[in-house]
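Descriptive structure summary
Letter by letter, the chains look like this.
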Amino acid sequence: MAKNTHLEHLEDDIFNQGYAGATNSVNFLKSLRDMLSDGQGGGNVKVTTKWDGAPAIICGKNPQTGKFFVGTKSVFNKSDPKIVYSAGDADRYYAGSTVGQILKKCLIYLSKLPIEGVLQGDLLYDSTPSLIAQDKKPHYRFKPNTITYTIPKYSALGSKVSSSKMGIVFHTEYKGESISAMSAGFGCDVSGLQRVPEVAVFSSEFQNINGMANLTVTEKNALNMSIAQATRSLAQGRGFIDGIQGGKGPFTIPALFKIYFNQVVRGGVVPIPSAMSAGFADFINKKYDTEIAKKKTLVSKTDWAKKKTDALKYLNTNRSSMVYALTGFKHLMSAKGLVINKLVKIKSVGTFLETENGMRATSPEGFVAIKDGAALKLVDRL
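This write-up is about the structure you can find in this document. (Residues numbered from 1 in each chain as written. Predicted model: local features only at pLDDT ≥ 70, side-chain atom pairs only at ≥ 80, totals over all residues. Heavy atoms only, no water.)

Describing helix α6 (residues 217–236)
The end-to-end C-alpha distance of α6, which contains 20 residues, comes to 29 Å, matching closely the 28 Å that a straight helix rising 1.5 Å per residue would cover. Along α6, the residues that are buried comprise L223, S226, I227, A230, S233 and L234. The buried residues of α6 all sit within an arc of 135 degrees when viewed along its axis, so they share a single face. Looking at α6, the residues exposed on the side facing more than 90 degrees away from the buried face are V217, T218, M225 and R232. Looking at the buried side of α6, the elements it contacts are α1 (13–17), α2 (19–35), α7 (238–243) and α11 (319–343). (Helix = DSSP H or I, 4+ residues; strand = E, 2+ residues; numbered from the N terminus. Expected span 1.5 Å × (residues − 1). Buried < 20%, exposed > 50% of the residue type's maximum accessible area, 1.4 Å probe, protein only. Arc of directions from axis to C-beta. Contact = heavy atoms within 4.5 Å.)

Considering the sheet that holds strand β13 (residues 366–371)
Backbone-to-backbone hydrogen bonds join strands into a sheet, with any given pair of strands oriented parallel or antiparallel. Sheet architecture is open: three strands sit in the order β1-β13-β14, paired in antiparallel fashion. Each having just a single partner strand, β1 (45–50) and β14 (374–378) make up the two edges of the open sheet. Adjacent strand axes in the sheet meet at a mean angle of 25 degrees, parallel and antiparallel pairs treated alike. Direction of pairing for β13 relative to β14: antiparallel, over a ladder of five bridges. Within the sheet, the bridge partner assigned to A369 lies in β14 and is L376. Contacts from α11 reach β1, β13 and β14, with the element oriented near 80 degrees to β14. (Pairing = 2+ DSSP bridges. Axes fitted to C-alpha atoms, helices over the stretch in contact; angles between N-to-C directions.)

Below is the structure:
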């Protein structure tokens, strides 16, 4: 398994792996359905909550030396890995930066935790959070990134926060004979890391407390229908999603579609599949035109013009199959949305977005589904 430097959206797996990815996405959804069905355990799937922490922190003991280190994802750089064993290392790699100061604090506090291997987490705060009045009751408040979190002072979590100097949520465990050769295992048990008062270690594991997230019969039927519709459409679009596999680089159809769809998401509305297909073709046309304009020689311009023609020809020739694939893509998103709507029912920590008119309640950043050693993001992209 690769380093946990990037997670993909569940529905994007059809572009990452073709029809095998489509099957994988559907199987994930079926397992999640079973997990949220009364009396069933969901097989080998589990869910963790994505916290909106920053920066990502890698820490633990170097398996070759036993020496404790901290760092960001730069720990895994192929060339010039930035592994911080001392305050001097932090100054050398991150001179004068906020990250360097944060890593110095991480050295002080995280080294007190009984971490035997190597863990990855998201930093939530590096000083005791302030108290605010919320619903006329005191709450600890911290905002590591975009989302503001609040925790009741007089709660089990609040008690943990009150004595802490740092808060972190661990979600990934690494194993291997050396740092460069380590592999990620998503999800980790943090129960043994709770006895250091200066560090509040939060759990990312989703727990369906008292069955509050169980699907009703109506919800389960709706989810089954979305899964069935996705399965049929993706089978009909198999030729397209298998046909776009194998290439590498930013101008492959899968890579370009992800960029295009992120633009669609920012617009706030996902169009019908036929309109999405036409919009994607237009996006590709403009993307190639921009690249062609950058080229200095006629040979290079001609080469890129041919690439554009070939890409548009493929989309046009396979338009029907592409529309089926995008129909399945939308049904995967719908099914995922039904799952997310149940997962957000379990909430022990307040999540808010700060606006000009005050704090507006929002859902957690999202969730991660883990199955058979693989992980996919469950995020409401709209």
